[in-house]
Amino acid sequence: MRLLVTGGAGFIGANFVQRTVTERPDATVTVLDALTYAGNKRSLDPVSDRIDFVHGDIADLDLVDELVSGVDAVVHFAAESHNDNSLAEPWPFVQTNIVGTYSLLQAVRRHEVRYHHVSTDEVYGDLAPDAPAFTEATPYNPSSPYSATKASSDLLVRAWTRSFGVRATMSNCSNNYGPYQHVEKFIPRQITNLIDGVRPRLYGAGHQVRDWIHVDDHNRAVWDILERGRIGQTYLIGANGELDNKTVVRLILEAFDRDPDDFDHVTDRPGHDQRYAIDATLLRDELGWIPRFGDFRAGLAETVRWYRDNESWWRDAKAVTEHAYAQAGERTLDPAE
Ligand code: NAD
Ligand code: DAU
(Lines give C-alpha, C1' and ligand atoms only; values in the text may rest on other atoms or scores of the structure.)
(Ligands and ions follow the chains in the order given, each with its own letter.)
Protein backbone atom coordinates (compact mmCIF):
# COMPACT_ATOMS: atom_id res chain seq x y z
CA MET A 1 0.00 0.00 0.00
CA ARG A 2 1.33 3.46 -0.90
CA LEU A 3 0.48 5.80 1.98
CA LEU A 4 0.50 9.57 2.29
CA VAL A 5 0.80 10.44 6.00
CA THR A 6 0.10 14.07 6.85
CA GLY A 7 1.63 15.45 10.05
CA GLY A 8 4.16 12.60 10.14
CA ALA A 9 6.73 14.75 11.97
CA GLY A 10 4.33 15.33 14.88
CA PHE A 11 3.80 13.19 17.96
CA ILE A 12 1.26 10.60 16.84
CA GLY A 13 2.18 10.77 13.16
CA ALA A 14 5.89 10.08 13.80
CA ASN A 15 5.06 7.09 16.00
CA PHE A 16 2.69 5.88 13.25
CA VAL A 17 5.34 6.22 10.55
CA GLN A 18 8.04 4.49 12.61
CA ARG A 19 5.76 1.54 13.40
CA THR A 20 4.49 1.31 9.85
CA VAL A 21 7.96 1.23 8.31
CA THR A 22 9.25 -1.38 10.76
CA GLU A 23 6.16 -3.61 10.94
CA ARG A 24 4.67 -3.29 7.43
CA PRO A 25 7.35 -3.82 4.82
CA ASP A 26 4.65 -3.91 2.11
CA ALA A 27 3.76 -0.23 2.76
CA THR A 28 5.59 2.73 1.24
CA VAL A 29 5.31 5.99 3.13
CA THR A 30 5.38 9.61 2.00
CA VAL A 31 5.15 12.15 4.81
CA LEU A 32 3.71 15.61 4.16
CA ASP A 33 4.48 17.99 7.02
CA ALA A 34 4.80 21.78 7.29
CA LEU A 35 7.29 21.47 10.20
CA THR A 36 5.48 24.00 12.36
CA TYR A 37 6.78 24.53 15.91
CA ALA A 38 5.14 21.13 16.70
CA GLY A 39 6.85 19.19 13.92
CA ASN A 40 10.32 17.77 14.42
CA LYS A 41 12.05 16.02 11.56
CA ARG A 42 14.35 14.28 14.04
CA SER A 43 11.34 12.22 15.15
CA LEU A 44 11.68 10.44 11.81
CA ASP A 45 15.46 9.89 12.03
CA PRO A 46 15.18 6.14 12.76
CA VAL A 47 13.37 5.60 9.42
CA SER A 48 14.49 8.58 7.35
CA ASP A 49 16.17 6.45 4.67
CA ARG A 50 12.99 4.41 4.18
CA ILE A 51 10.42 7.17 3.64
CA ASP A 52 9.89 10.15 1.35
CA PHE A 53 9.59 13.41 3.25
CA VAL A 54 7.83 16.40 1.67
CA HIS A 55 8.04 19.73 3.49
CA GLY A 56 4.74 21.43 2.69
CA ASP A 57 1.34 22.62 3.78
CA ILE A 58 -1.81 20.47 3.62
CA ALA A 59 -3.71 23.59 2.54
CA ASP A 60 -1.59 23.84 -0.63
CA LEU A 61 -4.14 22.47 -3.12
CA ASP A 62 -1.72 21.87 -6.00
CA LEU A 63 0.91 20.12 -3.88
CA VAL A 64 -1.70 17.97 -2.16
CA ASP A 65 -3.35 17.06 -5.46
CA GLU A 66 -0.02 15.94 -6.92
CA LEU A 67 0.92 13.85 -3.84
CA VAL A 68 -2.51 12.25 -3.52
CA SER A 69 -2.49 11.24 -7.20
CA GLY A 70 0.42 8.88 -6.45
CA VAL A 71 -0.89 6.96 -3.43
CA ASP A 72 -3.49 4.35 -2.46
CA ALA A 73 -4.48 5.92 0.86
CA VAL A 74 -4.12 9.07 2.94
CA VAL A 75 -3.86 8.98 6.74
CA HIS A 76 -4.50 12.51 7.96
CA PHE A 77 -2.84 13.42 11.28
CA ALA A 78 -1.69 16.99 10.53
CA ALA A 79 -3.34 19.59 12.72
CA GLU A 80 -2.85 22.45 15.08
CA SER A 81 -3.39 20.32 18.19
CA HIS A 82 -2.96 22.31 21.42
CA ASN A 83 -5.99 23.79 23.20
CA ASP A 84 -4.02 26.49 25.01
CA ASN A 85 -2.61 27.78 21.71
CA SER A 86 -6.10 27.87 20.19
CA LEU A 87 -7.22 30.14 23.02
CA ALA A 88 -4.28 32.50 22.43
CA GLU A 89 -4.58 32.59 18.59
CA PRO A 90 -7.37 30.61 16.86
CA TRP A 91 -6.60 31.48 13.20
CA PRO A 92 -3.97 28.78 12.45
CA PHE A 93 -6.48 26.23 13.75
CA VAL A 94 -9.13 27.38 11.26
CA GLN A 95 -6.61 27.41 8.42
CA THR A 96 -4.94 24.03 9.04
CA ASN A 97 -7.72 22.01 10.62
CA ILE A 98 -10.58 23.16 8.39
CA VAL A 99 -9.06 24.50 5.15
CA GLY A 100 -6.28 21.88 5.21
CA THR A 101 -8.82 19.06 5.57
CA TYR A 102 -10.88 20.56 2.73
CA SER A 103 -7.80 20.49 0.51
CA LEU A 104 -7.15 16.80 1.24
CA LEU A 105 -10.80 15.87 0.73
CA GLN A 106 -10.90 17.54 -2.67
CA ALA A 107 -7.79 15.62 -3.73
CA VAL A 108 -8.97 12.19 -2.50
CA ARG A 109 -12.32 12.85 -4.16
CA ARG A 110 -10.69 13.69 -7.50
CA HIS A 111 -8.29 10.73 -7.45
CA GLU A 112 -10.66 8.25 -5.73
CA VAL A 113 -8.13 7.55 -3.00
CA ARG A 114 -8.99 5.91 0.37
CA TYR A 115 -8.90 8.40 3.25
CA HIS A 116 -8.61 7.99 7.02
CA HIS A 117 -9.30 11.02 9.18
CA VAL A 118 -7.69 11.17 12.63
CA SER A 119 -9.84 13.11 15.07
CA THR A 120 -10.38 13.61 18.77
CA ASP A 121 -12.88 12.85 21.53
CA GLU A 122 -12.93 16.59 22.29
CA VAL A 123 -15.48 17.14 19.50
CA TYR A 124 -18.09 15.77 21.95
CA GLY A 125 -17.42 18.43 24.60
CA ASP A 126 -17.11 17.38 28.23
CA LEU A 127 -18.93 14.90 30.48
CA ALA A 128 -20.37 15.18 33.98
CA PRO A 129 -18.48 12.96 36.48
CA ASP A 130 -21.06 10.16 36.44
CA ALA A 131 -22.27 10.43 32.81
CA PRO A 132 -21.81 7.47 30.45
CA ALA A 133 -18.74 7.60 28.20
CA PHE A 134 -18.85 9.02 24.66
CA THR A 135 -20.05 6.70 21.89
CA GLU A 136 -20.17 7.15 18.12
CA ALA A 137 -23.76 8.45 18.61
CA THR A 138 -22.87 11.25 21.07
CA PRO A 139 -23.85 14.67 19.64
CA TYR A 140 -21.03 17.09 18.80
CA ASN A 141 -20.59 19.86 21.38
CA PRO A 142 -17.02 21.25 21.13
CA SER A 143 -15.77 23.80 23.69
CA SER A 144 -12.49 25.33 22.46
CA PRO A 145 -11.40 26.79 19.12
CA TYR A 146 -9.23 23.66 18.72
CA SER A 147 -12.08 21.21 19.25
CA ALA A 148 -14.50 23.35 17.20
CA THR A 149 -12.13 23.24 14.20
CA LYS A 150 -11.62 19.47 14.60
CA ALA A 151 -15.42 19.06 14.76
CA SER A 152 -15.74 21.17 11.60
CA SER A 153 -13.20 18.99 9.80
CA ASP A 154 -15.09 15.84 10.86
CA LEU A 155 -18.30 17.27 9.39
CA LEU A 156 -16.53 18.00 6.11
CA VAL A 157 -15.43 14.35 5.97
CA ARG A 158 -19.00 13.16 6.56
CA ALA A 159 -20.31 15.46 3.82
CA TRP A 160 -17.65 14.41 1.29
CA THR A 161 -18.39 10.75 2.06
CA ARG A 162 -22.14 11.08 1.63
CA SER A 163 -22.29 13.62 -1.21
CA PHE A 164 -19.24 12.64 -3.27
CA GLY A 165 -18.75 8.98 -2.36
CA VAL A 166 -15.29 9.53 -0.84
CA ARG A 167 -14.09 6.24 0.73
CA ALA A 168 -13.43 7.65 4.19
CA THR A 169 -13.28 6.37 7.75
CA MET A 170 -12.83 8.44 10.90
CA SER A 171 -11.48 7.81 14.36
CA ASN A 172 -11.93 9.94 17.47
CA CYS A 173 -9.35 9.08 20.11
CA SER A 174 -8.78 10.13 23.71
CA ASN A 175 -5.59 11.63 25.23
CA ASN A 176 -2.38 9.98 23.98
CA TYR A 177 0.91 9.65 25.83
CA GLY A 178 4.28 8.20 24.85
CA PRO A 179 7.57 9.22 23.19
CA TYR A 180 7.99 12.22 20.85
CA GLN A 181 5.13 14.27 22.37
CA HIS A 182 5.74 18.02 22.37
CA VAL A 183 6.71 19.47 25.77
CA GLU A 184 3.75 21.88 25.68
CA LYS A 185 1.42 18.94 26.50
CA PHE A 186 0.55 17.91 30.07
CA ILE A 187 2.60 14.74 30.66
CA PRO A 188 5.85 15.71 28.84
CA ARG A 189 5.67 19.18 30.37
CA GLN A 190 5.67 17.77 33.90
CA ILE A 191 8.33 15.12 33.13
CA THR A 192 10.69 17.70 31.64
CA ASN A 193 9.95 20.14 34.48
CA LEU A 194 11.06 17.48 36.95
CA ILE A 195 14.19 16.69 34.93
CA ASP A 196 14.92 20.43 35.14
CA GLY A 197 14.25 20.53 38.89
CA VAL A 198 11.01 22.52 38.46
CA ARG A 199 7.74 21.56 40.22
CA PRO A 200 4.91 20.20 38.03
CA ARG A 201 2.18 22.69 37.18
CA LEU A 202 -1.42 21.65 37.64
CA TYR A 203 -4.20 23.78 36.11
CA GLY A 204 -6.69 24.83 38.81
CA ALA A 205 -7.58 22.14 41.35
CA GLY A 206 -6.58 19.32 38.99
CA HIS A 207 -9.92 17.51 39.17
CA GLN A 208 -10.32 17.27 35.39
CA VAL A 209 -10.37 13.74 34.03
CA ARG A 210 -8.70 12.51 30.84
CA ASP A 211 -8.89 8.99 29.35
CA TRP A 212 -5.23 8.08 28.69
CA ILE A 213 -4.11 5.74 25.91
CA HIS A 214 -0.61 4.84 24.76
CA VAL A 215 0.16 6.24 21.31
CA ASP A 216 1.01 2.75 19.95
CA ASP A 217 -2.43 1.45 20.91
CA HIS A 218 -3.98 4.41 19.09
CA ASN A 219 -1.93 3.76 15.98
CA ARG A 220 -2.68 0.03 15.90
CA ALA A 221 -6.36 0.95 15.92
CA VAL A 222 -5.80 3.37 13.03
CA TRP A 223 -4.26 0.51 11.01
CA ASP A 224 -7.16 -1.81 11.89
CA ILE A 225 -9.64 0.79 10.70
CA LEU A 226 -7.67 1.57 7.55
CA GLU A 227 -7.59 -2.10 6.58
CA ARG A 228 -10.89 -3.43 7.87
CA GLY A 229 -13.07 -0.47 8.87
CA ARG A 230 -16.43 0.12 7.19
CA ILE A 231 -16.44 3.03 4.74
CA GLY A 232 -18.36 5.97 6.19
CA GLN A 233 -18.00 4.67 9.76
CA THR A 234 -16.60 6.55 12.76
CA TYR A 235 -14.75 4.52 15.42
CA LEU A 236 -14.00 5.78 18.92
CA ILE A 237 -10.57 4.77 20.27
CA GLY A 238 -9.92 4.57 24.01
CA ALA A 239 -8.36 2.19 26.52
CA ASN A 240 -10.42 2.71 29.73
CA GLY A 241 -7.64 4.93 31.09
CA GLU A 242 -9.63 7.54 33.04
CA LEU A 243 -7.53 9.44 35.60
CA ASP A 244 -7.81 12.92 37.07
CA ASN A 245 -4.94 15.31 36.45
CA LYS A 246 -3.84 15.43 40.09
CA THR A 247 -3.47 11.63 40.11
CA VAL A 248 -1.38 11.77 36.92
CA VAL A 249 0.92 14.42 38.42
CA ARG A 250 1.33 12.27 41.53
CA LEU A 251 2.20 9.21 39.42
CA ILE A 252 4.83 11.27 37.58
CA LEU A 253 6.22 12.47 40.92
CA GLU A 254 6.31 8.84 42.08
CA ALA A 255 8.36 7.92 39.00
CA PHE A 256 10.89 10.54 40.12
CA ASP A 257 10.82 9.36 43.78
CA ARG A 258 9.42 12.71 44.80
CA ASP A 259 6.89 13.69 47.46
CA PRO A 260 3.29 13.37 46.12
CA ASP A 261 2.51 16.99 47.06
CA ASP A 262 5.56 18.47 45.35
CA PHE A 263 3.60 20.36 42.66
CA ASP A 264 2.08 23.83 42.13
CA HIS A 265 -1.48 24.78 41.29
CA VAL A 266 -1.45 27.37 38.48
CA THR A 267 -4.08 29.44 36.67
CA ASP A 268 -6.77 27.29 35.09
CA ARG A 269 -7.48 27.03 31.36
CA PRO A 270 -10.53 29.13 30.34
CA GLY A 271 -13.47 26.90 29.38
CA HIS A 272 -11.53 23.85 30.64
CA ASP A 273 -13.38 20.61 29.78
CA GLN A 274 -14.03 18.60 32.95
CA ARG A 275 -14.01 15.03 31.73
CA TYR A 276 -13.52 12.91 28.61
CA ALA A 277 -14.23 9.18 28.49
CA ILE A 278 -14.47 6.76 25.58
CA ASP A 279 -16.67 3.72 25.03
CA ALA A 280 -14.68 1.76 22.42
CA THR A 281 -17.12 -1.17 22.19
CA LEU A 282 -17.61 -0.81 18.44
CA LEU A 283 -13.88 -0.90 17.72
CA ARG A 284 -13.35 -3.88 20.03
CA ASP A 285 -16.38 -5.90 18.83
CA GLU A 286 -16.19 -5.18 15.11
CA LEU A 287 -12.42 -5.07 14.52
CA GLY A 288 -11.17 -7.11 17.50
CA TRP A 289 -8.85 -4.31 18.68
CA ILE A 290 -7.58 -4.53 22.25
CA PRO A 291 -5.06 -2.21 23.91
CA ARG A 292 -1.65 -3.68 24.76
CA PHE A 293 -0.61 -0.97 27.25
CA GLY A 294 -3.04 -1.86 30.06
CA ASP A 295 -0.74 -0.63 32.83
CA PHE A 296 -0.55 3.18 32.81
CA ARG A 297 2.15 3.25 35.51
CA ALA A 298 4.42 1.03 33.37
CA GLY A 299 3.71 3.05 30.19
CA LEU A 300 4.45 6.24 32.10
CA ALA A 301 7.73 4.85 33.47
CA GLU A 302 8.79 3.99 29.90
CA THR A 303 7.82 7.50 28.76
CA VAL A 304 9.80 9.10 31.59
CA ARG A 305 12.82 7.01 30.51
CA TRP A 306 12.42 8.18 26.93
CA TYR A 307 12.48 11.88 27.94
CA ARG A 308 15.50 11.28 30.21
CA ASP A 309 17.35 9.53 27.35
CA ASN A 310 16.40 12.02 24.63
CA GLU A 311 17.01 15.44 26.14
CA SER A 312 18.50 16.79 22.93
CA TRP A 313 15.17 16.08 21.19
CA TRP A 314 13.17 18.37 23.53
CA ARG A 315 15.66 20.81 25.03
CA ASP A 316 15.22 23.72 22.56
CA ALA A 317 11.42 23.48 22.55
CA LYS A 318 11.30 23.48 26.36
CA ALA A 319 12.63 27.01 26.79
CA VAL A 320 10.37 28.41 24.05
CA THR A 321 7.32 26.64 25.50
CA GLU A 322 7.85 27.78 29.08
CA HIS A 323 8.42 31.34 27.87
CA ALA A 324 5.09 31.18 25.99
CA TYR A 325 3.21 29.89 29.05
CA ALA A 326 4.67 32.71 31.15
CA GLN A 327 3.81 35.31 28.49
CA ALA A 328 0.24 33.99 28.42
CA GLY A 329 -0.02 34.96 32.10
CA GLU A 330 0.29 31.56 33.78
CA ARG A 331 0.99 32.07 37.51
CA THR A 332 1.11 29.98 40.66
CA LEU A 333 -2.13 30.16 42.69
CA ASP A 334 -2.20 31.08 46.39
CA PRO A 335 -3.53 28.28 48.63
CA ALA A 336 -6.66 30.42 49.25
CA GLU A 337 -7.51 30.72 45.51
P1 NAD B 1 1.20 17.45 16.94
O2 NAD B 1 0.87 18.87 17.21
O3 NAD B 1 2.23 16.77 17.78
O4 NAD B 1 1.68 17.28 15.41
C5 NAD B 1 1.02 17.93 14.36
C6 NAD B 1 1.90 17.80 13.12
O7 NAD B 1 1.18 18.41 12.03
C8 NAD B 1 3.24 18.53 13.24
O9 NAD B 1 4.28 17.74 12.72
C10 NAD B 1 3.05 19.78 12.38
O11 NAD B 1 4.26 20.25 11.80
C12 NAD B 1 2.08 19.27 11.32
N13 NAD B 1 1.29 20.35 10.72
C14 NAD B 1 0.62 21.35 11.36
N15 NAD B 1 0.04 22.16 10.46
C16 NAD B 1 0.31 21.64 9.22
C17 NAD B 1 -0.03 22.01 7.90
N18 NAD B 1 -0.79 23.11 7.65
N19 NAD B 1 0.42 21.25 6.88
C20 NAD B 1 1.19 20.14 7.11
N21 NAD B 1 1.56 19.76 8.35
C22 NAD B 1 1.12 20.50 9.39
O23 NAD B 1 -0.19 16.66 16.99
P24 NAD B 1 -0.51 15.19 17.55
O25 NAD B 1 -0.71 15.26 19.00
O26 NAD B 1 0.44 14.25 16.95
O27 NAD B 1 -1.96 14.96 16.89
C28 NAD B 1 -2.08 14.38 15.59
C29 NAD B 1 -3.54 14.27 15.24
O30 NAD B 1 -4.21 13.45 16.23
C31 NAD B 1 -4.29 15.60 15.26
O32 NAD B 1 -5.21 15.60 14.20
C33 NAD B 1 -5.01 15.62 16.60
O34 NAD B 1 -6.18 16.38 16.53
C35 NAD B 1 -5.32 14.15 16.78
N36 NAD B 1 -5.45 13.66 18.15
C37 NAD B 1 -4.47 13.92 19.07
C38 NAD B 1 -4.59 13.39 20.35
C39 NAD B 1 -3.52 13.62 21.39
O40 NAD B 1 -3.71 13.23 22.55
N41 NAD B 1 -2.37 14.21 21.06
C42 NAD B 1 -5.71 12.63 20.69
C43 NAD B 1 -6.70 12.40 19.73
C44 NAD B 1 -6.55 12.91 18.46
O1 DAU C 1 -8.64 14.25 24.21
C2 DAU C 1 -7.80 14.31 23.09
C3 DAU C 1 -7.02 15.60 23.11
O4 DAU C 1 -6.04 15.47 24.14
C5 DAU C 1 -6.34 15.91 21.78
O6 DAU C 1 -7.33 16.15 20.82
C7 DAU C 1 -5.43 17.14 21.88
O8 DAU C 1 -4.72 17.33 20.68
C9 DAU C 1 -4.43 16.90 23.00
O10 DAU C 1 -3.64 18.07 23.20
C11 DAU C 1 -5.19 16.57 24.31
O12 DAU C 1 -5.95 17.72 24.76
P13 DAU C 1 -5.94 18.16 26.32
O14 DAU C 1 -6.27 19.60 26.37
O15 DAU C 1 -6.74 17.21 27.13
O16 DAU C 1 -4.36 17.87 26.62
P17 DAU C 1 -3.25 18.69 27.42
O18 DAU C 1 -2.05 17.82 27.42
O19 DAU C 1 -3.10 20.08 26.97
O20 DAU C 1 -3.85 18.72 28.90
C21 DAU C 1 -4.28 17.55 29.59
C22 DAU C 1 -4.93 17.99 30.90
O23 DAU C 1 -3.93 18.51 31.76
C24 DAU C 1 -5.95 19.09 30.73
O25 DAU C 1 -7.01 18.88 31.64
C26 DAU C 1 -5.19 20.35 31.07
C27 DAU C 1 -4.20 19.88 32.12
N28 DAU C 1 -2.89 20.57 32.18
C29 DAU C 1 -2.21 20.79 31.02
C30 DAU C 1 -0.97 21.39 31.04
C31 DAU C 1 -0.20 21.66 29.77
C32 DAU C 1 -2.33 20.91 33.42
O33 DAU C 1 -2.95 20.69 34.49
N34 DAU C 1 -1.10 21.49 33.44
C35 DAU C 1 -0.38 21.75 32.31
O36 DAU C 1 0.75 22.28 32.41
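Given the structure is predicted, the values throughout are model-derived calculations rather than measurements. (Residues numbered from 1 in each chain as written. Chains lettered and ligands numbered in written order. Predicted model: local features only at pLDDT ≥ 70, side-chain atom pairs only at ≥ 80, totals over all residues. Heavy atoms only, no water.)

Visitor: Lay out the sheet that holds strand β3 (residues 52–55) with the relevant residues and their values.
Guide: Within a beta sheet, neighbouring strands are joined by backbone hydrogen bonds and run either parallel or antiparallel to one another. Taken in spatial order, the 7 strands of this open sheet run β3-β2-β1-β4-β5-β6-β11, and their pairing is parallel. Taken across any chain shown, the strands that pair with only one partner, and hence form the sheet edges, are β3 and β11 (234–237). Going across the sheet, the axis of each strand differs from the next one's by a mean of 20 degrees, ignoring polarity. Sheet topology places strand β1 (residues 2–6) next to strand β2 (residues 28–33); 5 bridges connect them, and they run parallel. Bridging from a neighbouring strand, Thr 6 pairs with Leu 32 of β2. Helix α7 (residues 215–228) contacts β1, β4 (73–76), β5 (114–120), β6 (168–173) and β11 of the sheet and is inclined by roughly 145 degrees relative to β5. (Pairing = 2+ DSSP bridges. Helix = DSSP H or I, 4+ residues; strand = E, 2+ residues; numbered from the N terminus. Axes fitted to C-alpha atoms, helices over the stretch in contact; angles between N-to-C directions. Contact = heavy atoms within 4.5 Å.)

Visitor: Kindly report on the site of ligand 1, identifying the contributing residues and their values.
Guide: Around ligand 1 there are 28 residues in total, and Ile 12, Asp 33, Ser 81, Tyr 146 and Lys 150 lie nearest to it. A distance of 2.9 Å is found between an oxygen atom of ligand 1 and a backbone nitrogen or oxygen belonging to Gly 10. Taking Asp 33, its side chain carries an N or O atom lying 2.6 Å from an oxygen atom of ligand 1. Considering ligand 1 on its own, with 840 Å² of exposed area, one finds that the protein chains cover 96% of that surface. Mapped onto the shell around ligand 1, the elements with two or more residues apiece are α1 (11–23), β5 and α5 (145–164). The element contributing the most residues to the shell around ligand 1 is β5, with 3 residues. Here the shell around ligand 1 is built from residues that sort into 13 nonpolar, 12 polar and 3 charged. (Near = heavy atom within 4 Å. Polar contact = N/O pair within 3.5 Å; in protein donor to acceptor, adjacent residues only side chain to side chain. Areas by Shrake-Rupley, 256 points an atom, 1.4 Å probe, with all protein chains shown as cover. Nonpolar A, V, L, I, M, F, W, Y, C, P; charged D, E, K, R; others polar.)

Visitor: Outline a negative patch on the surface, listing residues and values.
Guide: Taken together, the side chains of Asp 57, Asp 60, Asp 62 and Glu 66 define an acidic patch exposed on the protein surface. Position of Asp 57 relative to the elements: it lies in the loop between β3 and α2 (61–68). (Patch = residues over 30% accessible without salt bridge, like charges linked within 9 Å, V, L, I, M, F, W, Y side chains within 5 Å. Salt bridge = Lys/Arg side-chain N within 4 Å of Asp/Glu carboxyl O. Lys, Arg positive; Asp, Glu negative; His and termini not counted. Charge placed at Lys NZ, Arg CZ, Asp CG, Glu CD.)

Visitor: Mind laying out the UniProt feature "domain: NAD(P)-binding" (unreviewed entry) in the chain, listing which residues take part and the relevant values?
Guide: With numbering matched to this structure, UniProt assigns "domain: NAD(P)-binding" (unreviewed entry) to residues 4–293. Segment residues 4–293 splits into 38% helix and 17% strand. End C-alpha atoms: 27 Å apart. (UniProt positions renumbered as here; feature names shortened; annotations may be inferred.)

Visitor: Would you mind going over a nonpolar patch on the surface in detail, with residue names and values included?
Guide: Residues Leu 61, Val 99 and Tyr 102 make up a contiguous nonpolar surface patch of roughly 230 Å² in combined accessible area. With respect to the secondary-structure elements, Tyr 102 resides in helix α4 (residues 91–111).

Visitor: Describe the layout of surface pockets, listing the residues and the values that go with them.
Guide: A probe matching the size of a water molecule, rolled over the atoms, marks out where space remains unfilled. For the second largest pocket, the calculated volume is near 180 Å³. Lining the second largest pocket are Phe 16, Arg 19, Thr 20, Glu 23, Arg 24, Asp 216, Asn 219, Arg 220, Trp 223, Asp 224, Arg 228 and Arg 292. At the level of secondary structure, the elements contributing two or more residues to the lining of the second largest pocket comprise α1 and α7. Sort the elements by how many residues they give to the lining of the second largest pocket and α7 lands first, with 6 residues. Partitioning the lining of the second largest pocket into residue classes produces 2 nonpolar, 2 polar and 8 charged. (1 Å grid on protein atoms, 1.4 Å probe; cavity = no way out; pocket = protein on both sides within 12 Å on 5 of 7 lines; lining within 4 Å. Points joined across faces, edges and corners; volume = space filled by probe spheres on them.)

Visitor: Go over the packing of aromatic side chains with me, naming the residues and quoting the values.
Guide: Within this structure, the stated rule accounts for 15 aromatic pairs. Ring geometry for Phe 93 versus Tyr 146: centroids 6.3 Å apart, planes at 80 degrees, classification edge-to-face. Linking Phe 93 in helix α4 with Tyr 146 in helix α5, this pair joins segments that are 53 residues apart in sequence. The exposure class assigned to Tyr 146 is buried, which follows from its relative accessible area of 9%. On the basis of an interplanar angle of 35 degrees and a centroid distance of 5.1 Å, the ring pair of Tyr 124 and Phe 134 is categorised as tilted. Linking Tyr 124 in the loop between β5 and α5 with Phe 134 in the loop between β5 and α5, this pair joins segments that are 10 residues apart in sequence. (Phe/Tyr/Trp six-rings, centres within 6.5 Å; stacked < 30°, edge-to-face > 60°. Buried < 20%, exposed > 50% of the residue type's maximum accessible area, 1.4 Å probe, protein only.)

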